[in-house]
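# Tertiary structure, described
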Number of protein chains: 2
Amino acid sequence: MSSTPQDTSLMANAIRALAMDAVQQANSGHPGAPMGMADIAVALWSRHLKHNPADPLWIDRDRFVLSNGHGSMLIYALLHLTGYELPMSELRQFRQLHSKTPGHPEVDVTPGVETTTGPLGQGITNAVGMALAEKLLAHEFNRPGHEVVDHHTYAFLGDGCLMEGISHEACALAGAWKLNKLIAIYDDNGISIDGQVAPWFIDDTPRRFQAYGWNVIDKVDGHDVAAVDAAIAKARQSTDKPTLIVAKTTIGKGSPNRAGTAKAHGEALGGEEIRLTRDALGWSHEPFVLPEAAYAAWDARVTGEAAQAAWNTRFAAYKTEFPELAAELARRMRGELPASFAQHAVDAMIAAHEKAETVASRKASQIALEAFTRVLPELLGGSADLTGSNLTNTSSTPALRFDKDGTPNGGRHINYGVREFGMAAIMNGVALHGGFIPYGGTFLTFSDYSRNAIRMAALMKRRVIHVFTHDSIGLGEDGPTHQSVEHAAALRLIPGLDVWRPADTAETVAAWTMALGNASRPSALLLSRQNLPYLPKAGLDEISKGAYVLAEPSEVGLKKKAQAVILATGSEVGLALHAQQQLAVQGIAVRVVSVPSTTVFDRQSVAYKSQVLPPKLPRIAVEAGVTDFWWKYGCAAVIGLDRYGESAPANVLFKEFGFTAENLAATVRKVLRG
Amino acid sequence: MSSTPQDTSLMANAIRALAMDAVQQANSGHPGAPMGMADIAVALWSRHLKHNPADPLWIDRDRFVLSNGHGSMLIYALLHLTGYELPMSELRQFRQLHSKTPGHPEVDVTPGVETTTGPLGQGITNAVGMALAEKLLAHEFNRPGHEVVDHHTYAFLGDGCLMEGISHEACALAGAWKLNKLIAIYDDNGISIDGQVAPWFIDDTPRRFQAYGWNVIDKVDGHDVAAVDAAIAKARQSTDKPTLIVAKTTIGKGSPNRAGTAKAHGEALGGEEIRLTRDALGWSHEPFVLPEAAYAAWDARVTGEAAQAAWNTRFAAYKTEFPELAAELARRMRGELPASFAQHAVDAMIAAHEKAETVASRKASQIALEAFTRVLPELLGGSADLTGSNLTNTSSTPALRFDKDGTPNGGRHINYGVREFGMAAIMNGVALHGGFIPYGGTFLTFSDYSRNAIRMAALMKRRVIHVFTHDSIGLGEDGPTHQSVEHAAALRLIPGLDVWRPADTAETVAAWTMALGNASRPSALLLSRQNLPYLPKAGLDEISKGAYVLAEPSEVGLKKKAQAVILATGSEVGLALHAQQQLAVQGIAVRVVSVPSTTVFDRQSVAYKSQVLPPKLPRIAVEAGVTDFWWKYGCAAVIGLDRYGESAPANVLFKEFGFTAENLAATVRKVLRG
């Protein structure tokens, strides 16, 4: 894998040419980063990165993350040049509809792209999650002489990623976790969109990362391939610290008039400047035409195939000696649940019904987790410093800790610290890496902090489970800063996210079962702080539809058909049942529909929906949150809370804001009177 | 303001007793931080803090922020003891409904509380905003010999604030801005909710803050009042750097069995431990009973009145010499717009109609800002590194810069760097301080990053204006990571926030006028990247109602009454007008209602609402975002986007996803057919 000096400049210029030409053709995009990082890319991708273009999903490949995702042409050029299934026709279609070369890199769209990046700071955070997953899997599955999990995670990042707060959360954790196989290369070009960063970004970044316990290799000439190569080699020797390589570069390198300027960042160079750049680089080829020598120098297919073949041999030996471990590792990396999962879910549901406990749904969640963590070793839990409140830990998930030399202790519950956004994007990285199903807890209100990472999980279709407890004014005295009002509704708006707000132990088991069983969707479980009564009826079949008839009028002794339907979720379902009883005394027959998940219910058949919500019956919804959301179900009335809460005990607040069976019953009567 | 050693221990123990007793009485709350920081509070509040309990709104008071807001009993105790209007009866009502002592400190609820804290990391960020406001106002208004603006901003913060990513964004900016009058005291107790922080928080915090350009005073004994006093005195001498004082403390100090443990953090000590603590502290007084000596030692009323009287004298001299400046400073601090504002708004609207430009609404916003920044010197703009995209800068708002010695250059547009959350919470701090109306820009999608700070502005009822551009798939090639889909709807769910999505230059002027004119409400302006046609009709009176009849069937040549109503916002209003025309050709009469602000429209009278949306006419809504929101208006159909976008040119995407006049017209016809 050695290259002559001439090769490296040819290789780097091939990237520069593709980047400037594709951006020009689209008349949209960011040439600056790919042109500036081209030499760094040569060093990493041709001398260090372990990958096989023929199998982008090889489980022991190095992971590469372009955290500065706007520089997408860099990774597209690299994937094309090294031999991935990304032909030149796709590069010509840069940023066009249904191409494999969208504006920002998207996992599952382009072979070789490991994560969707663009929202700054999240890529490096995903990389921390990937490196964590690698370290934990290696510890769990490797055996002496059998290093079947042994790869690095590399991330490129720019000034923007370093300014974002999430980089602080993620990199502090990477240091605490001693992720020595995480190597980040900082494109230190001193330019962001608004210009030379000096007036607003004076961080001494090496010092900052030393403060996090990182190994920092400073002052590397990012245009000297040998220097970058040497820095990466040195970084790979780290045994107990992640490494930051600070590579000084010129944005838009190669462009005579745009290099080193903010204009190079996010605009096409323009025809004339491209001509000048071609001249300056000595690049005589037409757009989207590369010399064979460039392809030859970049081609990673042979070395990649050899690397994977060597691993296959090693894995075969491992499989011979440890057949069960090998099968388990393969299962985990496929993201398949154990065959016994369905039975475990049924058992957990039966147990919930047998015990019929009145507990908070956060406690119900812990009870469900007790069952599931015991049989799913891939469950990797955690909390953003609220373990005892979120109840995310179980007897089979001891706290994850690392020895002085960086060896993990086998724990499976992560103390993320007070870092909600970091936790969420690290979980995305863990899920992207594979081998684990990450879940993590915080208060529902602080889903605001992590919201964009939740969105990214949904966009990427990854199974990440958010445990959001203290889900309403029902948390009581902590007051309006901590009381969710709009959050349940706001989360339901995120496309591709399943939101559950279970009402009792059985619904909570079902929510967990559904969240675990859905490999291509993140889920959020909204759970109460306060106790909720057990609801006698629901089974997995019904709950898993998202909404179901919980109680007909007959169940409160009325022989007539329902005149109205009450829809309720979570802590308000018990209220709905009380109102149903009160109304029954007055001869008013209502049906109570429990709606643990609107997002799941919305995917049911029209027939099922009409069965649960008969078109002609008036509907009244009740939820301790904003009302706007519920009108989509054609409600005649919604009891909710369209203002902030107050600091007081929960029972006082429920009364204060009208969440009483009396008020609900009165509202139903009013609706029926027309 | 000197105290004997005995005094300081009495003073600190008064805080400890109040904190433990109030938390015990509520059986809810956090005794650990108040007890641990009591000695620090003695040093700051009795020896340095410039304040007058009789006038909590004195404009030149020092600002104090309890960033670790869960320690609310600390500030309640301090306010009570120093003589604010917070009687013991309120402390007895800690965390009870409608008391002045809610679970977390809330501005405008408790006299002397400067900002609402609790969501960690935001308090210190508010403090950065306050210190920035002070520095800018001092530069603008002080004259030689007349230092009428001259106060410090102090913040207490804990491990949690330092783990949060936003602390990185805010503190990096404080360093870049050389905010020497910002003094933060870090309660370094090594404990967070999950326990001893060492496994998940290994930051070398002094080194980290040095990397930001801060002055760090390390290893201060937080229980040695003289040492803390000396550190604060030293910090006050800083001329060009903010200061972090790292005070080593014991959480729950004084409690024999809980001190130094996580249990001290967020639980009442319990009757027995309180008894032991009383013994250990030598505190013999009943709960909520304090010795007169404690009150005497703490009383700040005389010194406070004297301090303000001295300032009043100085201000009178200033007023004599600079009457206009004095009047302007007073106006600015009252948050009143100039008397001429209404006329300027009318002029801007007339100009919009006269020019009738087809521009992107982000450009329309810049045009409006050109007019408003010229006449409102309190407008303090900025962007999170997207100035040229958000178009938040104007010819009268040069970039804010600071000299080597920390002197600002008089600029009024802030390059916040890539720090959306930090920007939003800094703007909250600026608004809380007074003297400025802050506004700042980023892409709408990244409102996710700043969402909780937007919520906090709404909860605090502060005038902060968010300029969110690139508001839909209409941004085109940047693709789904950057394309808002759910954000408009999700922002509308935040109680107390006004959301505007204007359709043309006139609506954009109106949106700015309303946002500026509403002193007790934050606003978000959602603006297009792409050009939007000028709509001939709307005036300020109509637009300011949030929704209005833009075009009746008569305006497209039909004599009959409308058979249906199309509701549209922003970039889809033009589409609605086209559909109206197409339908008119087929003899179908529809009314087009432009809905620049649903939040404002929802506050109109029932009569007005029925006038705009006649109850019997079917309604069809169109917006390039999720559909769920629009059902609240009883729509028969909604054209929207309930999935993520794609990377492609905007016009391609609008067609791909059905945002065409043809599709809208077809939908209307379908609805009318029933």
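Residues numbered from 1 in each chain as written. Chains lettered and ligands numbered in written order. Predicted model: local features only at pLDDT ≥ 70, side-chain atom pairs only at ≥ 80, totals over all residues. Heavy atoms only, no water.

## Observations concerning the environment of Ser605 of chain A
All names here are of chain A. Mapped onto the secondary structure, Ser605 falls in the loop between α24 (598–601) and α25 (606–612). Counting along the chain gives 14 residues from Ser605 to Arg619, while the straight-line C-alpha distance between them is 19 Å. A polar contact is formed between the side chain of Ser605 and the backbone nitrogen of Tyr608, at a distance of 3.0 Å. (Helix = DSSP H or I, 4+ residues; strand = E, 2+ residues; numbered from the N terminus. Polar contact = N/O pair within 3.5 Å; in protein donor to acceptor, adjacent residues only side chain to side chain.)

## Notes on the environment of Gly434 of chain A
Residue and element names in this part refer to chain A. Position of Gly434 among the secondary structure elements: in the loop between α18 (420–433) and β11 (437–443). The class of Gly434 is buried, set by a relative accessible area of 10%. Sequence separation between Gly434 and Gly335 is 99 residues, and the spatial gap between their C-alpha atoms is 6.8 Å. (Buried < 20%, exposed > 50% of the residue type's maximum accessible area, 1.4 Å probe, protein only.)

## Some thoughts on unusual backbone geometry
In this structure, Phe288 of chain A is a non-glycine residue whose phi angle is positive, near 65 degrees. In this model, Asp385 of chain B sits at a positive phi of 65 degrees, which is unusual for a non-glycine residue. In this fold, Asp385 of chain B is placed in the loop between β9 (379–383) and α17 (387–390). With relative accessibility at 3%, the residue Asp385 of chain B sits in the buried group.

## Overview of the side chain of Gln580 of chain B
Mapped onto the elements of the fold, Gln580 of chain B is located in helix α23 (residues 573–585). Contact partners of Gln580 of chain B, with chain neighbours within four places excluded, come to Ala551, Glu552, Pro553, Val556, Val590, Arg591 and Val592 of chain B. (Contact = heavy atoms within 4.5 Å.)

## Here's the deal with the interface of chain B and chain A
Each partner contributes to the interface: chain B provides 97 residues, whereas chain A provides 97 residues. Between chain B and chain A, roughly 7,900 Å² of surface is buried when both sides are summed, and carbon and sulfur atoms account for 56% of that area. By the criterion of area lost to chain A, the three top residues of chain B are Tyr449, Arg455 and Tyr644 of chain B, representing 10% of everything that side buries. One can count 8 salt bridges joining chain B with chain A. Note that Asp478 of chain A and Arg95 of chain B form a salt bridge whose closest N and O atoms lie 2.8 Å from each other. Seen at the junction of chain B and chain A, the total is 50 residue pairs in polar contact (both at pLDDT 80 or more). Elements with a contribution of two residues or more to the side of chain B that touches chain A: α6 (159–163), α7 (165–176), α8 (205–211), α17, α18 (420–433), α19 (447–460), α20 (487–492) and α26 (650–656) of chain B. For the side of chain B that touches chain A, the class distribution of residues is 40 nonpolar, 31 polar and 26 charged. (Buried area = accessible area lost by both parts, 1.4 Å probe. Salt bridge = Lys/Arg side-chain N within 4 Å of Asp/Glu carboxyl O. Nonpolar A, V, L, I, M, F, W, Y, C, P; charged D, E, K, R; others polar.)

## Structural notes on helix α5 (residues 122–141) of chain A
A rise of 1.5 Å per residue sets the reference length of α5 of chain A, with its 20 residues, at 28 Å; its end C-alpha atoms lie 28 Å apart and thus fit the reference within 8%. Counting buried residues along α5 of chain A, 18 of its 20 residues qualify, which places the element largely inside the surrounding structure. (Expected span 1.5 Å × (residues − 1).)

## Topic: the state of the cysteines
Under the criterion given, the structure shown has 0 disulfides over all chains. Considering cysteine sulfurs only, Cys635 of chain B is the nearest to Cys635 of chain A, which forms no disulfide, with 15 Å between them. Cys635 of chain A gets classed as buried once you look at its relative accessible area, which sits at 10%. (Disulfide = S-S within 2.5 Å.)

## A look at the UniProt feature "active site" (unreviewed entry) in chain A
Mapped onto the present numbering, the UniProt feature "active site" (unreviewed entry) falls at Glu420 of chain A. Within the fold, Glu420 of chain A resides in helix α18. You can call Glu420 of chain A buried: its relative accessible area is 4%. Beyond its immediate sequence surroundings of up to four residues, Glu420 of chain A is in contact with Glu169, Ala384, Thr442, Phe446, Tyr449 and Ser450 of chain A together with Glu164 of chain B. (UniProt positions renumbered as here; feature names shortened; annotations may be inferred.)

## As for the nonpolar core
With 169 residues, the main nonpolar core has Phe372, Trp512 and Phe659 of chain A together with Phe372, Trp512 and Phe659 of chain B as its most contacted residues. Sequence-distant contacts of Trp512 of chain B, that is, excluding residues within four places in its chain, are made with Ser365, Ala368, Leu369, Phe372, Tyr439, Ile465, Val467 and Leu525 of chain B. By size, the runner-up hydrophobic cluster in this structure holds 160 residues, among which are Leu132, Cys171 and Met427 of chain A together with Leu132 of chain B. (Core = buried A, V, L, I, M, F, W, Y, C linked by side-chain atoms within 4.5 Å.)

## Some thoughts on the UniProt feature "binding site: substrate" (unreviewed entry) in chain A
Residue and element names in this part refer to chain A. What UniProt calls "binding site: substrate" (unreviewed entry) maps, in this numbering, to His30, His265, Arg362, Ser389, His470, Asp478, His482 and Arg529. Spatial dispersion of the annotated residues is evident: they stretch over 500 residues in sequence, and the largest pairwise C-alpha distance comes to 47.8 Å. Residue position: Arg362 is located in helix α16 (residues 361–375). Note on Arg362: relative accessible area 16%, which makes it buried. Among all residues touching Arg362, those that are not within four sequence positions of it are Gly388, Ser389, Asn390, Leu391, Thr469, His470, Leu527, Ser528 and Arg529. Among the polar contacts listed, one links the side chain of Arg362 to the backbone oxygen of Ser389, at a separation of 3.0 Å. Relative to the helices and strands, His470 is located in the loop between β12 (465–469) and α20 (487–492). Accessibility expressed as a relative area gives 5% for His470, which makes it buried. In this structure His470 touches Arg362, Ser389, Phe443, Leu444, Leu475, His482, Ser484, Leu527, Ser528 and Arg529, once residues within four positions along its chain are discounted.

## A short note on the pattern of salt bridges
Residue and element names in this part refer to chain A. Under the defined criterion, the tally for this structure stands at 67 salt bridges over all chains. Among the ionic pairs, Lys248 bridges to Asp188, the shortest N-O distance being 3.5 Å. Highlighted residues: Lys248 in strand β7 (residues 243–248) and Asp188 in strand β3 (residues 182–188), separated in sequence by 60 residues. Its relative accessible area of 14% is what places Asp188 among the buried residues. Salt bridges sharing common partners tie together Asp471, Arg492, Arg501, Glu572 and Glu623.

## Quick look at the sheet that holds strand β16 (residues 548–551) of chain A
Residue and element names in this part refer to chain A. Across the sheet, 5 strands lie side by side as β16-β18-β17-β19-β20; this open sheet has mixed pairing. Every other strand in the sheet has two partners, leaving β16 and β20 (637–639) as the edge strands with one partner each. Each adjacent strand pair in this sheet contributes to an overall mean axis angle of 30 degrees, direction not counted. The pairing of β16 with strand β18 (residues 590–594) spans 3 bridges and is classified as antiparallel. Looking across to β18, one finds that Val549 is bridged to Val593. (Pairing = 2+ DSSP bridges. Axes fitted to C-alpha atoms, helices over the stretch in contact; angles between N-to-C directions.)

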